[in-house]
Every structure is written in structure tokens, then in C-alpha cells.
Amino acid sequence: MNEDGERFSVEHAAERFRAHLKLAGIDRPELFEDSDERQQVRAHDTRSTFIPVAFANRRSETRIADRPRHRGSVVTRGAAEAPGRLQSWALAS
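Residues numbered from 1 in each chain as written. Predicted model: local features only at pLDDT ≥ 70, side-chain atom pairs only at ≥ 80, totals over all residues. Heavy atoms only, no water.

Focus: the side chain of Arg18
Consideration 1: Within the fold, Arg18 resides in helix α1 (residues 13–23).
Consideration 2: Despite its burial, Arg18 pairs with no opposite charge; the closest candidate is Glu15, at 4.4 Å N-O.
Consideration 3: Look past the residues within four positions of Arg18 in its chain and what remains in contact with it is Leu31, Phe32, Gln40 and Val41. (Helix = DSSP H or I, 4+ residues; strand = E, 2+ residues; numbered from the N terminus. Buried < 20%, exposed > 50% of the residue type's maximum accessible area, 1.4 Å probe, protein only. Lys, Arg positive; Asp, Glu negative; His and termini not counted. Salt bridge = Lys/Arg side-chain N within 4 Å of Asp/Glu carboxyl O. Contact = heavy atoms within 4.5 Å.)

Looking at the environment of Ala43
Consideration 1: Position of Ala43 among the secondary structure elements: in the loop between α2 (29–32) and α3 (45–56).
Consideration 2: For the pair formed by Ala43 and His12, sequence separation is 31 residues and the distance between their alpha carbons is 9.9 Å.
Consideration 3: Setting aside residues up to four positions removed in sequence, Ala43 forms contacts with Ala13, Ala14 and Phe17.

Observations concerning the packing of aromatic side chains
Consideration 1: Evaluated as defined, the whole model comprises zero aromatic pairs.
Consideration 2: The positively charged end of Lys22 is found above the aromatic ring belonging to Phe32, 4.7 Å away from the centroid. (Phe/Tyr/Trp six-rings, centres within 6.5 Å; stacked < 30°, edge-to-face > 60°. Lys NZ or Arg CZ within 6 Å of the ring centre and 35° of its normal.)

Distances and angles like these do not, on their own, reveal function.
So this is what it looks like as C-alpha cells:
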């Protein structure tokens with residue numbers, strides 16, 4: 001809900017998300033680049049990072065599967081093993 005008590009529209013959510021990132025001082029150029037090799041960050045991208053980050057932080061598979069409402073560990077495991085391999089990055093640091 002917005003400050004007027006109205007539901008947020010999903011229209012232009014990506015643009016609003018990027019604007020809020022900039023307001024927060026996040027200015028990594030890769031997030032805002034739109035080219036043949038890369039697309040701008042989207043609001044939905046935050047959902048796809050939850051699972052690998054949670055695994056990297058050693059959260060239980062049951063707890064992780066419950067958050068995005070995945071129906072089973074196969075989906076959760078697949079998301080954890082997606083390109084990017086955040087868990088190995090986090091464990092190495």
C-alpha cells in the first residue's frame with residue numbers, strides 16, 4: 001500500500017525500483033545498464049537472489065522453501081544452484 005492506502009501498481013515497478021536504488025546511493029553501473037549483454041535490474045530480481053543468499057548464510061532448506069512458497073526442495077535446490085553460485089562466494093569470504 002502507498003501512503004494514501006492504495007495498492008501499488010505493478011506498472012513501472014522496475015523503474016520505481018531503480019529510482020529507489022539511486023536514492024539509496026546505489027550507483028553500480030551494471031545495475032542500470034541496458035545492452036545486448038545485460039538488462040537493467042528489475043524488482044523481481046530481488047526474489048531470485050533470496051534462495052542462493054539464504055543457502056550461503058546456512059539457512060535450513062525447510063525454512064528457505066517456506067519463504068518463496070516453493071512446493072518442494074527440488075525447486076529450491078535448483079534456484080540455489082543457479083548461475084552465480086552465491087553460496088560458494090559467501091562461503092569463501
